[in-house]
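# An overview of the molecular structure
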Amino acid sequence: DAGITQSPRYKITETGRQVTLMCHQTWSHSYMFWYRQDLGHGLRLIYYSAAADITDKGEVSDGYVVSRSKTENFPLTLESATRSQTSVYFCASSDSQVNQPQHFGDGTRLSIL
Amino acid sequence: QKEVEQDPGPLSVPEGAIVSLNCTYSNSAFQYFMWYRQYSRKGPELLMYTYSSGNKEDGRFTAQVDKSSKYISLFIRDSQPSDSATYLCAMTHSGGGADGLTFGKGTHLIIQP
């Protein structure tokens, strides 16, 4: 099925480790986004990308790195995980045409011990 | 003051009732307004997408935007138990998908059979 797929769905790791969350979309959308969702904060933007090799920081980008070598993939890396990065991470994408909304994946639930 | 304010609830109503969900915002630059529905352990699902002030209807759902008051609403008619979910309002400056979304914290809605 076409859509947006995130992997893994669940991940447990330890502080200081590097972890990469994957996002893949089959719509050929230009724009892709990473958000985190925390109780009391709602969804907040981490990074976004307008096209392959074009990325920009969002509201809460510290401690995260992204890359976009192919249009369909947008991995998010925590270079040295901290407990404060325990969260649910959502990837989204949208078409480059005007007035196109964002569509979300089902998230990765990340726990950092 | 947060950019987008949304009562987290929970809001509990009997089946068949009309539900009213609301958000207020402070940034007058927001032009595009969305409502997403989120079931437990799933990603946000787009319900309504509107531009500027006015009403938009889609089946049992009606979205209202009042830019002069910086206030948006979602009405659900003939509510069903399957409508039980968290409802997120979101908004952005541009409609082309180029901006990240600014979300409310979400309202947890319970429809009692």
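Located above this text is the structure these notes cover.
Below you will find a few notes about this structure. (Residues numbered from 1 in each chain as written. Chains lettered and ligands numbered in written order. Predicted model: local features only at pLDDT ≥ 70, side-chain atom pairs only at ≥ 80, totals over all residues. Heavy atoms only, no water.)

Note the cis peptide between S7(A) and P8(A), where omega equals -10 degrees. Counting through the fold element by element, P8(A) comes out in the loop between strand 1 (4-7) and strand 2 (10-13). Put simply, G9(B) and P10(B) share a cis peptide bond, and its omega is 10 degrees. Looking at the element boundaries, P10(B) is found in the loop between strand 1 (4-5) and strand 2 (11-14). The phi dihedral of D53(A) falls on the positive side, at around 70 degrees, and the residue is not glycine. Assignment of secondary structure puts D53(A) in the loop between strand 5 (42-51) and strand 6 (54-57). Under the relative-accessibility criterion, D53(A) is labelled exposed at 66%. Backbone geometry places K70(B), a non-glycine residue, at a positive phi of 55 degrees. Look at K70(B) and you get partly exposed, because its relative accessible area is 24%. (Helix = DSSP H or I, 4+ residues; strand = E, 2+ residues; numbered from the N terminus. Buried < 20%, exposed > 50% of the residue type's maximum accessible area, 1.4 Å probe, protein only.)

Turning our attention to the sheet that holds strand 3 (residues 19-25) of chain A. All names here are of chain A. One open sheet accounts for four strands, arranged 1-3-8-7; its pairing is antiparallel. Strand pairing shows two members of the sheet lacking a second neighbour, strand 1 and strand 7 (64-66), which therefore form its edges. The sheet shows a mean angle of 20 degrees between the axes of neighbouring strands, direction not considered. Where strand 1 meets strand 3, four bridges bridge the pair, whose relative direction is antiparallel. Opposite S7, over in strand 3, you have M22 as the bridge partner. (Pairing = 2+ DSSP bridges. Axes fitted to C-alpha atoms, helices over the stretch in contact; angles between N-to-C directions.)

In this section: the packing of aromatic side chains. Under the definition given, this model contains 12 aromatic pairs over all chains. Look at F104(A) and Y36(B): their rings are 5.4 Å apart centre to centre, the planes differ by 85 degrees, and that puts the pair in the edge-to-face class. Of this pair, F104(A) sits in strand 10 (residues 103-104) while Y36(B) sits in strand 4 (residues 32-38), each in a different chain. Judged by relative accessible area, which is 10%, F104(A) ranks as buried. Judged by relative accessible area, Y36(B) falls into the buried class, the value being 0%. An aromatic cluster of three or more residues is present, and its members are F33(A), Y35(A), Y48(A), F104(A), Y36(B) and F103(B). (Phe/Tyr/Trp six-rings, centres within 6.5 Å; stacked < 30°, edge-to-face > 60°.)

Between chain B and chain A, the contact holds 20 residues from the first and 27 residues from the second. Buried area between chain B and chain A, summed over both chains or domains, comes out near 1,800 Å², and the portion from carbon and sulfur atoms is 51%. Seen at the junction of chain B and chain A, the total is one salt bridge. D106(A) is the salt-bridge partner of K42(B), the closest N and O atoms lying 3.2 Å from each other. The interface formed by chain B and chain A contains seven residue pairs in polar contact (both at pLDDT 80 or more). Residue assignment for the side of chain B that touches chain A shows that the elements contributing at least two residues are strand 4 and strand 5 (45-51) of chain B. At three residues, the largest contribution of residues to the side of chain B that touches chain A is made by strand 4 of chain B. (Contact = heavy atoms within 4.5 Å. Buried area = accessible area lost by both parts, 1.4 Å probe. Salt bridge = Lys/Arg side-chain N within 4 Å of Asp/Glu carboxyl O. Polar contact = N/O pair within 3.5 Å; in protein donor to acceptor, adjacent residues only side chain to side chain.)

Any functional reading would require information beyond the geometric quantities listed.
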